[in-house]
Amino acid sequence: MKGMSLIVKTITNIVIGFIFLYGLYIILHGHLTPGGGFAGGVIIAGVFVLKYLAYGSSKAGEKKSSIISSVFESVGALLFVGIALLGLLLTGVFFLNFIPRGTPLHLLSAGIIPLCNIAIGIKVGAGLFSIFLALAAFKYIMED
Amino acid sequence: MSIIPLYFTIPLITAFIIPLLGKISKSLVWIVTTIVSFALFILALYGVTLTQETSMIVYKMGNWPPPLGIVMAFDSFSALMVLVISIIVFTGCFFSLRYIAHYTGQWKFYTLYMLITAGMMGIAITGDLFNMFVFLEIAAISSYCLVAFGVDAEELEASFKYMVMGEIGGLTFLLAIALLYARTSTLNLADISNTIQGNGMNSFFWMILGMLLFAFSIKAALVPFHTWLPDAHPAAPAPVSSLLSGIFIKVLGIYTTARIVYNIFGLTRANAPTFFNLLIGLGLLSIAWAGLTALKQKDYKRLLGYSTVSQIGYIMIGFGIGNYYGVAGAVFYILAHALGKGLLFLTSGAVVHRAGTRELDKLAGLGESMSTTAWSFRFGALSLIGLPPLVGFFAKLFIVLGAIKAGLLWLAIIAIGLSVLTLAYLLKIENNVFMKKGKMAGLKKAPFTMRIAMVFLVIVMLLTGLGFQTLMNFIVGPAAHALLRGFEYAQLVFGSFALNF
């Protein structure tokens, strides 16, 4: 629970929002610029890891976080498969890009690809954070 | 709406729903998994009927045409593999209810179980080499976790050993894919096949084939590369041992080898006799070496693990013979061994569940107290040994017929002679555990769901044995023909694309 020094905590407080925003940017612009769901998800997971390292944590907090992150991980994966399956249900082709593509190089374009990126971002962010928790809090999680 | 992508999406979705359900109720997870695996079984039967009408169903993922996009190529051989996977997955799932009860984190087991199913289904129906690698890794990584599921020292050691060996195979496969992609500029199996057909087999392609054979031999646990299996398969929970030994190594090792050798590289005994003799050699070595080692084992499941390595040798011989009877025998053997060894590992699970030990010396007198388990074991063992009218007999018969037709009389004699080994090591279990009178005679019967799972497999085995002619005409025969088509595979994949597009 103790965490690191006041300097680290203050700096973390300042940068954490920017890093999160940058992660969101990378995810949302996945179809336009380099990056995408995986890279953005890793950055977002980094936010939570940074918060944990700077502030420390308790047994209860870690348990709660591991449950929440595993739920988000499942939801992300289900969203991704759901988008793919929606193509199968609506048009008869699995993974068909059934949404109109729009104008290239605009934020709202490329059909289902931004949606897939968001789903991957959730999955990867939650997944990597789960891995971090599994390493850090492994003895509490194993008790379940 | 085509059903082809459902084979791997249904288990995949279930795998990700289970962690959410697991937070609500434990029994709900089992119910959902059982329903899903039964639905897969029904879908697999429907898939078999589909392949009766069209010899090759090509499904374009996201409607991208073949050389660019990923295709699913579903033919009779895929249909047979999907059917066998779904049978073993269904019985294993039914068996798991009581067996898994004493582990913590049960929903994790079912998540991994469904992921391994998705991976195997994907390998069996994909028509893209890199896609095959991805599914292979999904299945393999899930299996590493499942082997370590008990998290005892023995299980973790087995899992680590398995992971190191398995990843050497997996990475060799990846390297082979990279080299092949550099040369042919395509990852589509049919397109690679066309390139090979155009260039002929040069030394580069032989090197690739060698690397692939090495990778798949590790996955299939053929003898020089088998050392991980006798540790890994016994360490896993019994329903998983049944899945791993029954079908997993066949999908990852045997199916991939057969598909690539016959359909992609277009090899036949006529144009590559040395390579086919190598397959026969690997097969014979596996049968003899692992069979002899199995005789010395003192652990129920470890003996069965060595038996699996030994039996895989017969399948390899069948593919190495390379004529219709040999290939049909090998395909039949995949089915027969999946049912037989799946059943034997389930009986081991029932015995371990009640007696709490796997050592043959300590187990005695279970024949009276666990009669269903004992009789299930006897049926499974007799099928593996090859006694008519059980399904194992017909599988061996076709392999022997194939050897005689190919003019390899010595091979036929050796193959029959070596099945004495099978009889010997399975009798050792029968004698020690079920025939001998002993202090374990007072144990309770196996739980009801376990008995249902075992009896189901016995019934399937009897039905496949008695109805072997029907099976031959509708499932095994077409599967063998699908392999012996050779380069025609590529034409079928691209041909149906031209019709649909």
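The coordinates are above.
In short, a report on the structure. The numbers attached to residues start from 1 for each chain and follow its sequence in the written order. Note on labels: chains are lettered from A, ligands numbered from 1, in written order. Totals for whole chains, interfaces and linings use all residues, but because this is a predicted model, local features are given only for residues with pLDDT of at least 70 and pairs of side-chain atoms are given and counted only at 80 or more. Excluding hydrogens and water, the side-chain figures rest on all heavy atoms present in the structure.

Re helix H1 (residues 6-22) of chain B
Residue and element names in this part refer to chain B.
No. 1: Note on conventions: DSSP H or I runs of at least 4 residues are helices, E runs of at least 2 residues are strands, and numbering of each starts at the N terminus. A helix's residues, less one, multiplied by 1.5 Å, set its expected span. With 17 residues, H1 extends 23 Å from end C-alpha to end C-alpha; this agrees with the ideal 24 Å at 1.5 Å per step.
No. 2: The bend at a residue is defined as the angle formed between two axes, one fitted to the seven residues ending at that residue and one fitted to the seven starting there. At phenylalanine 16, H1 shows its strongest bend, of approximately 25°, with the proline proline 19 following within four residues.
No. 3: Here the term buried applies to any residue with accessible area under 20% of the maximum for its type, exposed to any over 50%, and partly exposed to those in between, with areas from a 1.4 Å probe on protein chains only. The element H1 is largely enclosed, with a buried count of 14 among its 17 residues.

Side note on the packing of aromatic side chains
All names here are of chain B.
No. 1: Only Phe, Tyr and Trp rings are paired, with Trp represented by its six-membered ring, and only when their centres lie within 6.5 Å; those with planes under 30 degrees apart are stacked, over 60 edge-to-face, the remainder tilted. The final tally for this structure, using the stated rule, is 41 aromatic pairs over all chains.
No. 2: Consider the rings of phenylalanine 275 and phenylalanine 276, whose centres lie 6.2 Å apart with planes at 75°: the pair is edge-to-face. When sorted by exposure, phenylalanine 275 lands in the same class as phenylalanine 276, which is buried.
No. 3: Here the aromatic cluster, defined as three or more aromatic residues joined through ring pairs, consists of Trp30, Phe38, Phe41, Phe90, Phe94 and Phe456.
No. 4: Two limits define a charge over a ring: the Lys NZ or Arg CZ must be within 6 Å of the ring centre, and within 35 degrees of the ring normal. Sitting over the face of the ring of phenylalanine 204, arginine 183 holds its NZ or CZ atom 4.1 Å from the ring centroid.
No. 5: We note lysine 396 situated over the ring of tyrosine 314; from NZ or CZ to the ring centre the distance is 4.9 Å.

Points about the pattern of salt bridges
Residues and elements named next belong to chain B.
No. 1: A side-chain nitrogen of Lys or Arg and a carboxyl oxygen of Asp or Glu constitute a salt bridge if their distance falls within 4 Å. On inspection of all chains with the given rule, the structure shows nine salt bridges over all chains.
No. 2: Salt-bridge contacts for lysine 161 lead to aspartate 231; the nearest nitrogen and oxygen are separated by 2.6 Å. Of this pair, lysine 161 sits in helix H6 (residues 153-184) while aspartate 231 sits in helix H9 (residues 229-235), and the two are 70 residues apart along the sequence.
No. 3: Judged by its relative accessible area of 33%, lysine 161 is partly exposed.
No. 4: In this structure, the salt-bridge partner of lysine 362 is glutamate 359, at a minimum N-O distance of 3.9 Å.
No. 5: Look at lysine 362 and you get partly exposed, because its relative accessible area is 45%.
No. 6: Here the salt bridges share partners, and the residues they tie into one network are Asp75, Arg259 and Arg485.

By themselves, these figures tell us nothing about what the structure is for.
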